[in-house]
Amino acid sequence: MMTKSIASFLLGTALAVTTAGAAFAQDKTVKIGALSDQSGLYADLGGPGSTLAAQMAIEDSGLAAKGWKIDIISGDHQNKPDIGTAIARQWFDVDKIDIIVDVPNSGVALAVNNIVKEKNGVYVNSGAATSDLTNAQCSPNTVHWTYDTYMLAHTTGQALVKAGGDSWFFLTADYAFGAALERDTTAVVTANGGKVVGGVKHPLNTPDFSSFLLQAQASKAKIIGLANAGGDTTNTIKQAAEFGIVKGGQKLAALLLFLTDIKAIGLETAQGLNFTETFYWDMNDQTRAFSKRFAEKMKSNAPPTMVQAGVYAGVRHYFKALEALGGNPHDGAKVVEKMKSMPTEDDLFGKGEIQPNGRTIHNAYLFEVKKPSESKGPWDFYKLVGTVPGDQAFTPLSESKCALLKK
Amino acid sequence: MQALYAQLLVGLINGSFYALLSLGLAVIFGMLNIINFAHGALYMMGAFVAYFLLNNDYLSIGYWPALIVAPIVVGIFGMILERTMLQWLTGLDHLYGLLLTFGIALIVQGVFQNYFGSSGLPYAIPDQLKGGMNLGFMFLPVYRGWVVIFSLVVCIATWFLIEKTRLGAYLRAATENPTLVRAFGVNVPRMITLTYGLGVGLAALAGVLSAPINQVRPLMGADLIIVVFAVVVIGGMGSIMGSIITGFALGVIEGLTKYFYPEASNTVVFVLMVLVLLVKPTGLTGRAA
Amino acid sequence: MTALTDDTLPVTPRAIRDEMIVFVVMALLLASVPFTGVYPFFVMQALCFALLACAFNLLIGYGGLLSFGHAMFLGTAGYCSAHALKVWALPPELGILVGVAGAFVLSLITGYISIRRQGIYFSMITLALSQLLYFIYLQAPFTHGEDGIQGIPQGRLFGVFDLTKPTVLYYVVLVGFLAGFLLIFRIINSPFGEVLKAIRENEPRAISLGYRTDHYKFLAFVLSGTLAGFAGSLKVFVAQNASLTDVHWSMSGEVVLMTLVGGLGTVFGPVVGAFVIIAMQQYLAGFGQWVTVIQGSIFVICVLTFRRGVIGEIAHYFRRSL
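Figured I'd write up the structure that's included with this text. These numbers come from a predicted model, not from an experiment.

Our focus in this paragraph is the overall build of chain A. In terms of helices and strands, chain A carries 14 helices and 15 strands. In terms of C-alpha radius of gyration, chain A reaches 23 Å, essentially the compact-globule figure of 22 Å for 407 residues. When its C-alpha atoms are laid out on the principal axes, chain A stretches across 85 × 45 × 40 Å. Looking at the 407 residues of chain A, the share that counts as buried comes to 61%. For chain A, restricting intrachain contacts to residue pairs at least 6 apart in sequence, the fraction spanning at least 24 positions comes to 72%.

Printed below as a string of C-alpha cells:
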C-alpha cells in the first residue's frame, strides 16, 4: 500500500514536470466561458444557442487537429450583475478560463467588463446593447460584436426619415438602455430634417400598452419608435395591431428586435415592421449553410439569432488571432491587440474590422417583416430593405469617448 | 378631456384582469389561509393551455371552448397540488404556504421555459371579436370590451356563489370552524380542495382572456403576482368584494397615472397600499390578520 | 396557528455556552478558508448575505415581524457606500460609515411608518416601501439605472489594509461579519431580547406588563435595518458594483428563503441558509435552464419535510438551542 502510494506520487510529480515543460514551450490550452442568461428574458436570443455557437466555432476552426486543447464551460448570470461578476471571477480564478463570450443584459455586461479587465482576460461581447462598452467604459480587453444602441438608432432612424417618416413619437422603456436608444434616434431624426412630436416613458415589464398607444395615436406622428426590448416590444406590437395603429396609417419602428421575437409575435401581427439587424440566416449561401447546421443541433430547431451568430464569428476571429500568435493565449490584452490588428472576415458577417476602442465594424441591414403570404418556411420572416456599410452605421471614432483612443 | 375618458376606459379594462386575479387569490386566502404565490404561474398555465388547445393537430379547439376547458384543466392541476402538498400546511404560519407556492411557481415557470423558450408564442384574437369601434373619443377594440363585460360577470357570479348561496355559507363556516361543519356531514377537506381549484381556475381564466392581448410566455405572470397581492391587501385580505372593487379601481388609477406620470404607473399601486394601510391598518374591508 | 419558531427549547446559561462553542468553531472554520481550496470570493459573498439574513432574523425570529422589504436596506447602503467611494473618493472606512448611516436613516423613516401594522399588513407595507424606493433609485441619476455603479475602488482600510488583495479583503469581511453576528447574539440574549421574545409570544400580555411594545419593536426594526445596511456596505467591496437587483423585491424574498432554509429564530440558521442559497446560485449556474426548477424543488422539499430549517432540525434533534 505504502509503496504503491509513493510510486503514484512519484509518477504524478514526473507527469507534472513534463506537462509544465510542455506548457513552457508552447501553451496551446484555451478555455472559453459562455456567460449568458440561460433561463430568463434573453435565453432565446443568447442562452444555450450562444454556447452552441461557440462550440461550433471550436469545431470549425480545426484547431484541435493542430494540437490545441480547447474547453468550454457555460454559466447562467440570471440577469444579476452580482451573479455575473461572481461567476466571471470564479472562472478566471479557479477554472482558469481565457475568454468570456456573449453576456446579454447591459448591466451585467458592464460589470463583467470590469472583471475581465482586472483579470486581463479576453471579452467578446455579442449580447449586450450598451454602446458604453466601447465608449466611456471601453477596455483594452474587450471586443464588442454584433450591435449596439448607437448603430440601431442610426440605421433605423436614418432610413425611415429618408423614406418620408419625418415625424416621430417614442415609446421608451424607462431605463438607461431605452433612454440611450431614444436619445440617439432623436439626434438622427432631427439631423435628417425630421422632428420628434412627443414620447412617453413606460416602466420595464409593462403588461399593457394601450394607454401609451392611445397617446401615440393621438400624436398623429408618422412613425412610432419603440425604444424598448424583449417582452415589452412584442406586447407593444401585438397591442398596436389590436388598436389599429398600423391600419390607421402610422408605422411602427422597433429599434431592437430579434428573430425569435418575430417568431413569438407571428407574421400576421408583425408584418410590415421595420428594424435593423446585422445578421439574418437567409442572407446568402454561407449563412444558410451555417444556419442549417446550427438549427439541426438546436432543441427548438431555430436558426441562429444575430447574437448567437456574433458569438460564433467573435470566437472564430479570436482563434485566428491565437493561431497568428502561435500559442500562450493567457495574456488577454495582447490577444485583443492582435485581434484588432487583423481584419475580420467570416461567413456570417462578411468583411470588417475591429476599431481601436473594441467596436467591431460590419454591415448593418434594414429589414421589413414579410406578409404571411410571402413567407415560404417556418423561419422565413425578413425582406431586405437596405444595407448600411459598417463605417456609417457605428459610432465614428471622432465621437467616441473611449480613453484608449487618446494615446 | 377626450384623452382622459379614453384613459379611464382603458384603465377599467386592465382593472378587470386585476379583479379576476385578485379575486382568485382572495378566495384562496379567505378559505385556505394560504397566500398563493403560484397564482401568476397558474395564470400563465391558463394562457398556455389555451394555446395548446388551439394549435394541437388533433384538438384544434378554438378560443371559446378554451374559456371553459383551460380553467378546468388548470383547476384540476391546482387540486392535485392542494391534495399532495398544500393540505399538509393546514394550521401553519402563512409563511410556509407562501414559500411552498413560491417553489411551485419556480418549478412550473422553469419547466415551461425549458420547453417553450422565453420569448413566447403567438395567439390571435378570435375572429368574432376582431376589429373595433370608434367611440368618438377613442378607438375601442371589440376584444377589450368583451374582456370587461365577461370578467365583470364572472366576478359578480363568484361573489354571489360565496356570499349568497348555501354552498358558500358552508365554505365560510368551514374556515371558521371545520370540526363543527364536519359534524353536519360535510366533507370539509374535499370542499377546501374544490375551493383551491376554483381560485386557481379563476387565475387560468384570466390567462385565457389575456392570451390574445399579451404574449403567451412563461414569465407573463411572474411580475404580475406582486401587484395582484397588493390589490388583495388594499382590498382587505380575504374580502371578495374588496378585491373586486380594488382591482377595477387600481386599473383606473393606473390608467390616470399612465397619462400624467407614466414612469410611475407600475409603482402607483404601492403608493396606494402605503396610504391605505396608514389610514386603515387592515385594508379597506379586511379583518385582522 | 402555530408559532414560526421552536420554543420548547430552554434558553439556559448552558445553552448560551454551547452556542458560544459553536460560534468559535464557526469563526475558526471561516478563518481557515484561505488555507483550503475553497474559493474565497464565494465565501465572502455568502458572508455578506449571511449577515443580512442574521439581521433579518433578528426581526422575525425574535421580534415576530416579517419584513418583506429588507433588500431596501441592503441596496440603500450599497448605493450610498458606492457613491461615497467612487464619486466622493472617500476611504473605505468612511464609505462603510456613509452606507450604514444611509440605512440607519432609512430604517428610522420606514420603521416609523410601518411598525404599528400587524402580521401580513406589516409585511406588505414594508414591501410597498421598498418598491417605492426601487422606483426612486431607478429614476435617480446617481444610480445609473440598470447599468448600476460599476468599478468601485476598494482602497486601503484605515490606510493600512489593502483591500484589493483577496486575502486581506476576506479577513476584513470576515471580521465585519463576526462583529455583526456577535452584536446580534448579544442583543438576542440581553434583557431587550427577552422583552422582544415576550412581545412575539403574546403582545397584549407584554403591554399589560407595562412594556411599550411599539417602542421595542421600533428599536428592533432600526437595529435590524442598520445591520442589514452594514452587510450591504461590505458587499460593495466584494462585488465592486451596486445595482438595482439589490433593491428589487426578489432580493427581499431571497433573504426570507435563506432564513427559512437555515432555520428561523435560530442563531446560526441564517448563516447556513445564506451559504446554501448562494452556493445554489453559484454552483447550479452550470445547469443552465434547469436552475429555477431545481431551486423551486428544494424549497418545496424544504417546506414539506424539514420545516424548521437545517439548523432548526438539528437543534430539535439534539434538544439544544442553536
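Now, onward.
For the rest of this paragraph, the subject is the nonpolar core. Core analysis: the largest hydrophobic core is formed by 336 residues, its most contacted members being Met273 of chain B together with Leu51 of chain C. At 18 residues, helix 2 (residues 40-62) of chain C tops the list of elements feeding residues into this core. Those residues in contact with Leu51 of chain C that lie beyond four places of it in its chain are Phe177, Gly180, Phe181, Leu227, Phe230 and Ala231 of chain C.

Listed per partner, the contact involves 37 residues of chain B and 33 residues of chain C. Broken down by secondary-structure element, the contributors of at least two residues to the side of chain B that touches chain C are helix 4 (94-116), helix 9 (224-235) and helix 11 (268-279) of chain B. Ranked by residue count, the leading element in the side of chain B that touches chain C is helix 4 of chain B, at 15 residues. Across the side of chain B that touches chain C, the residue classes tally to 26 nonpolar, 9 polar and 2 charged.

Here we come to the packing of helix 10 (residues 249-262) of chain C against helix 13 (residues 309-318) of chain C. Each pair of packed helices can be summarised by the angle the axes make with each other and by the distance between the axes. All names here are of chain C. Remark: helix 10 packs on helix 13, axes separated minimally by 3 Å, with the N-to-C direction vectors making an angle of 20 degrees. Judged by the inter-axis angle, helix 10 sits roughly parallel to helix 13. Listed contacts from helix 13 to Leu260, Val261 and Gly262 of helix 10 are Gly309, Val310 and Ile311. Split by residue class, the contact of helix 10 with helix 13 holds 4 nonpolar, 2 polar and no charged.

Once that is clear, we can look at the packing of helix 7 (residues 210-219) of chain A against helix 1 (residues 2-32) of chain B. Viewed as axis vectors pointing N to C, helix 7 of chain A and helix 1 of chain B meet at an angle of 155 degrees, and their least axial separation amounts to 9 Å. The pairing of helix 7 of chain A with helix 1 of chain B is recorded here as roughly antiparallel in orientation. The handedness of the crossing between helix 7 of chain A and helix 1 of chain B comes out as right-handed. For the pair formed by helix 7 of chain A and helix 1 of chain B, the contact residues are Ser210, Ser211, Leu214 and Ala218 of chain A on the first element and Ala3, Ala6, Gln7 and Val10 of chain B on the second.

Each partner contributes residues to the interface: chain C has 25 residues there, and chain A has 28 residues. Contributing elements (two or more residues each) for the side of chain C that touches chain A: helix 2, helix 11 (269-283) and helix 12 (291-305) of chain C. Among the elements that take part in the side of chain C that touches chain A, helix 2 of chain C stands out by supplying 3 residues, more than any other. Within the side of chain C that touches chain A, the residues separate by chemical class into 7 nonpolar, 16 polar and 2 charged.

Right, let's talk about the sheet that holds strand 2 (residues 69-76) of chain A for a bit. Residues and elements named next belong to chain A. Pairing within the open sheet is parallel, and its 5 strands lie in the order 2-1-3-4-5. In this open sheet, the two strands that pair with only one neighbour each are strand 2 and strand 5 (142-144). Put simply, the sheet's adjacent strands are angled 20 degrees from each other on average, direction ignored. Strand direction decides the pairing type here: strand 1 (residues 29-36) and strand 2, joined by 8 bridges, are parallel. For Ala34, the partnering residue across the bridge sits in strand 2 and is Ser74. Against the sheet, helix 12 (residues 306-325) makes contact with strand 1, strand 3 (99-102), strand 4 (122-125) and strand 5, and its axis sits at roughly 155 degrees relative to strand 3, the strand it touches most.

Residues and elements named next belong to chain A. Spatially, 3 strands are ordered 11-12-13 in an open sheet, and the strand pairing comes out antiparallel. Because the sheet does not close on itself, it has two edges, and the strands there are strand 11 (344-346) and strand 13 (360-361). Pairing between strand 12 (residues 350-354) and strand 13: 2 bridges, direction antiparallel. In the sheet register, Ile354 faces strand 13, and the bridge partner there is Thr360.

A word on unusual backbone geometry. Leaving glycine out, the prevailing phi sign among residues is negative, and the prevailing peptide bond configuration is trans. Here the phi dihedral of Asn120 of chain A falls at roughly 55 degrees; this positive angle occurs in a residue that is not glycine. Counting through the fold element by element, Asn120 of chain A comes out in the loop between helix 4 (106-119) and strand 4. Given 17 C-beta atoms within 10 Å, Asn120 of chain A falls into the partly exposed group. With a phi close to 55 degrees, Phe158 of chain C is a non-glycine residue in the positive phi region. One can find Phe158 of chain C in the loop between strand 1 (156-157) and strand 2 (161-162).

What counts and how
Residues numbered from 1 in each chain as written. Chains lettered and ligands numbered in written order. Predicted model: local features only at pLDDT ≥ 70, side-chain atom pairs only at ≥ 80, totals over all residues. Helix = DSSP H or I, 4+ residues; strand = E, 2+ residues; numbered from the N terminus. Rg over C-alpha atoms; globule rule 2.2 N^0.38 Å. Buried ≥ 20, exposed ≤ 12 C-beta atoms within 10 Å, placed from the backbone. Contact = placed C-beta atoms within 7 Å. Core = buried A, V, L, I, M, F, W, Y, C linked by C-beta atoms within 7 Å. Nonpolar A, V, L, I, M, F, W, Y, C, P; charged D, E, K, R; others polar. Axes fitted to C-alpha atoms, helices over the stretch in contact; angles between N-to-C directions. Parallel < 35°, antiparallel > 145°, perpendicular 65-115°, else oblique. Left-handed = near helix turned anticlockwise from the far one by under 90°. Pairing = 2+ DSSP bridges.

Purely spatial values, then, with no claim about function.
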